[in-house]
Amino acid sequence: MNALRLALRQLRYVNKAFWRNPPAAFFTFAFPLMFLVIFTSLLGHGTVQLGSRSINVSTYYVASMGSFSLISACFTNLALSISFQRDTDILKRLDATPLTRAAYFTSRVLHALFVSILLVVITAAFGAAFYHASVPSGITLVRFLTMLLVGAASFSALGVAATIAVPNANAGPAVVNAMVLPLLFLSGIFIPLGNNAPTWIVWVARIFPIRHFALGMQSGFAGTSFQWSDVLVVGLWGLGALVVAARYFRFEPRR
Amino acid sequence: MTTPTQSASSSTEVAIRVSGLEKSYGSVHAVRGLDLEVHRGEIFAILGPNGAGKTTTIEILEGYRQRDRGSVEVLGIDPGRQRQQLKARVGIVPQQASSDPFLTVEETLQMYAGYYPHPKGIDELLTVVGLQEKRTSRVQRLSGGQQRRLDVAIALVGDPELLFLDEPTTGFDPSARHEAWGVVKSLARLGKTVILTTHYMDEAQNLADRVAVVAGGRVVALGTPDTLGARDVATAEIRFRLGEGPRPPEGLDGETDASGYVHLSSLDVTQTLYDLTRWSLETGVELEGLQVLRPTLEDAYLHLIADVEEMA
């Protein structure tokens, strides 16, 4: 209880610092909407064949960009911001105070979740207003929210684990993007994986969590089928990341 | 540095006790059998060249590193085993300024205050470090000296009994350094124990009650800044320039350098000065710019370090 109170208190300061770094906050919010407009303008007049169903390209991108924005907020943002805090000795200093590590991480993950929800809501509202995308409701909404929460937790854990591979804060953006960008493409976030996608790409997409997460989000917006196995794969990746982070995460810069 | 009443009442208590401390990183023996005792309420400086084991020792005391061997007690607690208990009672000013650039001074202090059971008031902290006018400024807009003072304020926010200051004034201009020294002295007046590492001899001279010189992973000398390396009883140098007239007699004529100064070594300064000035008055030869030079803390330090390096 006390830990939660500490975490919520810490959350206030995490949030303040987030909004006071306008470039970071701006791009976190602007990128998904910008990509949504660009992709639908370029490719948005037809339908895309997903299994036996065909859905509007614009609906597809509303779902995709919803997924993309959560991954940005939880994975990319958290990995970059925590690497920065580690490299500027902020983490080392926090580690010398009675603030527990659990409270610190809870505050960071809650904040990432909060930003993700904001982003998904904005993307969905934007999609509904301009692209006639449907907004999930009823049982679909429950499944959708489950995937969203499991996804936020897992991609946050992956983001924390990713800092282990970041040698210093300057290299952060390059390293983190090198991890996530290729997988975003190979998982059909930017360009739909149609029925004719090469086998190796399909396999890459099956192994990593992004595709599974995106499929769960898609079922909310496009009414495609929802598989609990997708939630399971995303959750397992999150658990794996948690184990790795618990073992190897460091509060001090690598010097 | 401490007021007499405080040092009398608390100097018998021990804040830090280290014995036989050892720590290696791979094949590098950073600390090799270090012993140390710091009393409550004193300002204790640790001097030493880079790589001497200063930082490793301090970080073991702070709980950041685990020791390989030896015993360590900080405020009666083993920092290697009960670090969480120690955290609320110790303040650390790290070598590098490290607080979130996007929060204001006030927000930063409020944030840290929330971590401690008995935090100090923000107003009081700002007064101690002289940052009242920067209260609502973002950390990223503070000057280097101001950020350092904020670091001190953060270290004080939990009202610690013991403070670690790691090279607190490196990179300061002279006036900022004197301000910082004022802050450290005021901490001692509040009864805090202060452990200070520094590269600056004048800093140790000005602030410390006692100084330990660490080299090769051990304490090689310990004393007050005035007695370190026995410099209070070491050979003094007498220096002067001769006016018109005859040279001083044997034993008082020393060596004359290129700029015309006569240098004279003496183990008994009172006697030598007496002989010299009597000779001067009798002969009427003036002793221009007469000075007595004692080895400085820096001389003593360099001498000690050189001894250790010779042994290695």
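Conventions and cut-offs
Residues numbered from 1 in each chain as written. Chains lettered and ligands numbered in written order. Predicted model: local features only at pLDDT ≥ 70, side-chain atom pairs only at ≥ 80, totals over all residues. Heavy atoms only, no water. Domains from an automatic or database assignment. Pairing = 2+ DSSP bridges. Helix = DSSP H or I, 4+ residues; strand = E, 2+ residues; numbered from the N terminus. Contact = heavy atoms within 4.5 Å. Axes fitted to C-alpha atoms, helices over the stretch in contact; angles between N-to-C directions. 1 Å grid on protein atoms, 1.4 Å probe; cavity = no way out; pocket = protein on both sides within 12 Å on 5 of 7 lines; lining within 4 Å. Points joined across faces, edges and corners; volume = space filled by probe spheres on them. Nonpolar A, V, L, I, M, F, W, Y, C, P; charged D, E, K, R; others polar. Buried < 20%, exposed > 50% of the residue type's maximum accessible area, 1.4 Å probe, protein only. Lys, Arg positive; Asp, Glu negative; His and termini not counted. Salt bridge = Lys/Arg side-chain N within 4 Å of Asp/Glu carboxyl O. Polar contact = N/O pair within 3.5 Å; in protein donor to acceptor, adjacent residues only side chain to side chain. Phe/Tyr/Trp six-rings, centres within 6.5 Å; stacked < 30°, edge-to-face > 60°. Lys NZ or Arg CZ within 6 Å of the ring centre and 35° of its normal. Expected span 1.5 Å × (residues − 1). Arc of directions from axis to C-beta. Core = buried A, V, L, I, M, F, W, Y, C linked by side-chain atoms within 4.5 Å.

Here we take up the domain arrangement of chain B. Each assigned domain of chain B is listed here: domain 1 (4-230) and domain 2 (236-293). Look at where the C-alpha atoms of domain 1 of chain B and domain 2 of chain B centre, and you get two points 45 Å apart.

Attention now goes to the sheet that holds strand β10 (residues 236-242) of chain B. Residue and element names in this part refer to chain B. Within the open sheet, the four strands sit side by side as β11-β12-β10-β13. Their pairing is antiparallel. Because the sheet does not close on itself, it has two edges, and the strands there are β11 (255-256) and β13 (287-293). Where helix α9 (residues 269-283) meets the sheet, it contacts β10, β12 (261-266) and β13, and its direction lies at approximately 175 degrees from that of β13.

In this structure the tally under the stated criterion is four cavities of 30 Å³ or more. In this structure, the largest cavity occupies an estimated 90 Å³ of space. Around the largest cavity, the lining residues are B:R148, B:R149, B:V152, B:L165, B:P168, B:T169, B:F172, B:A180, B:V183 and B:V184. For the lining of the largest cavity, the secondary-structure elements that each account for two or more residues are α6 (144-156) and α7 (174-189) of chain B. For the lining of the largest cavity, the class distribution of residues is seven nonpolar, one polar and two charged. Here the second largest cavity defines a volume of roughly 50 Å³. Lining the second largest cavity are A:A96, B:E62, B:R83, B:L86, B:K87, B:V90 and B:I92. Those elements that place two or more of their residues in the lining of the second largest cavity are α3 (83-87) and β5 (90-93) of chain B. Taken together, the residues that form the lining of the second largest cavity break down as four nonpolar, no polar and three charged.

Moving on to the layout of surface pockets. When its volume is computed, the largest pocket comes out at roughly 1,000 Å³. In terms of lining, the largest pocket is formed by 48 residues, of which the most central are A:N21, A:A24, A:N77, A:L80 and A:S81. Every element with two or more residues in the lining of the largest pocket is listed here: α1 (2-19), α2 (22-43), α3 (57-87), α4 (90-95), α5 (101-131) and α7 (172-186) of chain A together with α4 (105-113) of chain B. For the lining of the largest pocket, the element with the highest residue contribution is α3(A), accounting for 12 residues. Empty space within the second largest pocket amounts to approximately 680 Å³. Where the lining of the second largest pocket is concerned, the elements lending two or more residues are α4 of chain A together with α2 (54-62), β5 and α6 of chain B. Of all the elements, α2(B) adds the most residues to the lining of the second largest pocket, at four residues. Residues that form the lining of the second largest pocket fall into these classes: 11 nonpolar, seven polar and 11 charged.

Residue and element names in this part refer to chain B. Within the secondary structure, K54 is located in helix α2. One buried charged side chain, K54, makes no salt bridge at all; its nearest oppositely charged neighbour is E167, positioned 4.1 Å away. A polar atom in the side chain of K54 sits 2.8 Å from the backbone oxygen of G48. Beyond its immediate chain neighbours, meaning those up to four positions away, K54 contacts I46, L47, G48, P49, E167, T197, T198, H199 and V214.

Another point: the packing of aromatic side chains. Residues and elements named next belong to chain A. With the rule as written, the count across this model stands at 24 aromatic pairs over all chains. Summarising the aromatic geometry, the rings of F26 and F27 are spaced 5.2 Å apart at their centres and angled 80 degrees between planes, so their arrangement reads as edge-to-face. Classification of F27 by relative accessible area gives partly exposed; the value is 40%. Of note, R247 hangs over the ring of Y248, and the distance from its end group to the ring centre comes to 4.8 Å.

The subject of this paragraph is helix α10 (residues 228-248) of chain A. Residues and elements named next belong to chain A. The end-to-end C-alpha distance of α10, which contains 21 residues, comes to 30 Å, matching closely the 30 Å that a straight helix rising 1.5 Å per residue would cover. Those residues of α10 lying buried are D230, V231, V234, G238, A241 and A245. For α10, the angular spread of the buried residues around the axis is 100 degrees, confining them to a single face. Within α10, the exposed residues directed more than 90 degrees away from the buried face are W228, L232, L236, L239, V243, A246 and R247. Contacts from the buried residues of α10 go to α6 (138-162) and α9 (209-222).

Here we take up the nonpolar core. A:L94, A:F155 and B:L109 are the most contacted members of the largest nonpolar core, which has 121 residues in total. Of all the elements, α3(A) adds the most residues to this core, at 14 residues. When sequence neighbours within four positions are dropped, the list of residues in contact with A:F155 reads A:L70, A:I71, A:C74, A:F75, A:P209, A:I210 and A:F213. Counting 29 residues, the second largest nonpolar core, distinct from the first, contains B:A15, B:I16, B:I46 and B:V214.

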